[in-house]
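Each chain, written out:
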Amino acid sequence: MTLSVHSVVGAGLSVLARANPLTAFVMGLFSHFVLDAIPHWDYPLKSGSGGRSAPMYEDMVIGRDFVFDLLKIIADALLGITLVMFVFKPEFRSLADILTSGIFWGVVGGMLPDFLQFLYFKIKKEPLIAFQHFHTWIHEKEKKLNDRNIIGPALQIALIIFCIYLVPLSL
Ligand SMILES: [Zn+2]
């Protein structure tokens, strides 16, 4: 799923559970794999060695396409962080506030697996290999909605809206 969804869900869970940083991180991480196991859409990344039809589980080729992919990924991550800041309004006045915040660690846990995937592409050493096998296995279990360019993103937006409304209501 998109980093936006992963970050909002990771932050939302940490808020719901009033989690400390470690618990929030673990919950974020766990939620990443649960979300990836749900049939979903992913935006295309052209630098993936497998191309659009076979998602890039092996490498991302650094080049012109990669620059555009990177911009997409950064925009996605920033959108997620912005939504988290607006919806959950964490009080970050200092670096210490950020580093001791469950919301921050929920977002980190939620996004981390996709960054580890990139590290695997470039390093291909344990424990990244084992991690990549697990991540791929989770993804393979769901039937992708990658060719559903309306319903796919719509479902993710719905999921974000669901979290934005449900989490504050549950507090
Ligand atoms: Zn993932």
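Residues numbered from 1 in each chain as written. Predicted model: local features only at pLDDT ≥ 70, side-chain atom pairs only at ≥ 80, totals over all residues.

Undergrad: Help me get a handle on the UniProt feature "transmembrane region" (unreviewed entry) in the protein chain, residues and values and all.
TA: The sites that UniProt annotates as "transmembrane region" (unreviewed entry) are residues 66–88, 95–112 and 150–169. With 100% helix and 0% strand, the stretch residues 66–88 has end C-alpha atoms that lie 32 Å from each other. Annotated as 89% helix and 0% strand, the span residues 95–112 places its first and last C-alpha atoms 20 Å apart. (UniProt positions renumbered as here; feature names shortened; annotations may be inferred. Helix = DSSP H or I, 4+ residues; strand = E, 2+ residues; numbered from the N terminus.)

Undergrad: I'd like to hear about the nonpolar core, residue by residue, with values.
TA: Residues Val 5, Val 8, Val 9, Ala 11, Val 84, Ile 103 and Val 107 are the most contacted members of the largest nonpolar core, which totals 22 residues. If one sorts the elements of this core by residue count, helix α1 (residues 3–16) sits on top with seven residues. With near-sequence residues (within four places) excluded, Val 107 lies in contact with Ser 7, Gly 10, Ala 11, Gly 28, Ile 81 and Val 84. (Core = buried A, V, L, I, M, F, W, Y, C linked by C-beta atoms within 7 Å. Buried ≥ 20, exposed ≤ 12 C-beta atoms within 10 Å, placed from the backbone. Contact = placed C-beta atoms within 7 Å.)

Undergrad: Account for the packing of helix α3 (residues 64–88) against helix α5 (residues 102–123), naming residues and giving values.
TA: Between α3 and α5, the least distance of the axes is 12 Å, while the angle of their chain directions is 150 degrees. Between α3 and α5, the crossing angle belongs to the class labelled roughly antiparallel. Pair α3 / α5 crosses with right-handed handedness. Each of Ala 77, Ile 81, Val 84 and Phe 88 in α3 lies in contact with α5, whose residues at this interface are Ile 103, Val 107 and Met 111. Partitioned by chemical class, the residues of the contact of α3 with α5 number seven nonpolar, no polar and no charged. (Axes fitted to C-alpha atoms, helices over the stretch in contact; angles between N-to-C directions. Parallel < 35°, antiparallel > 145°, perpendicular 65-115°, else oblique. Left-handed = near helix turned anticlockwise from the far one by under 90°. Nonpolar A, V, L, I, M, F, W, Y, C, P; charged D, E, K, R; others polar.)

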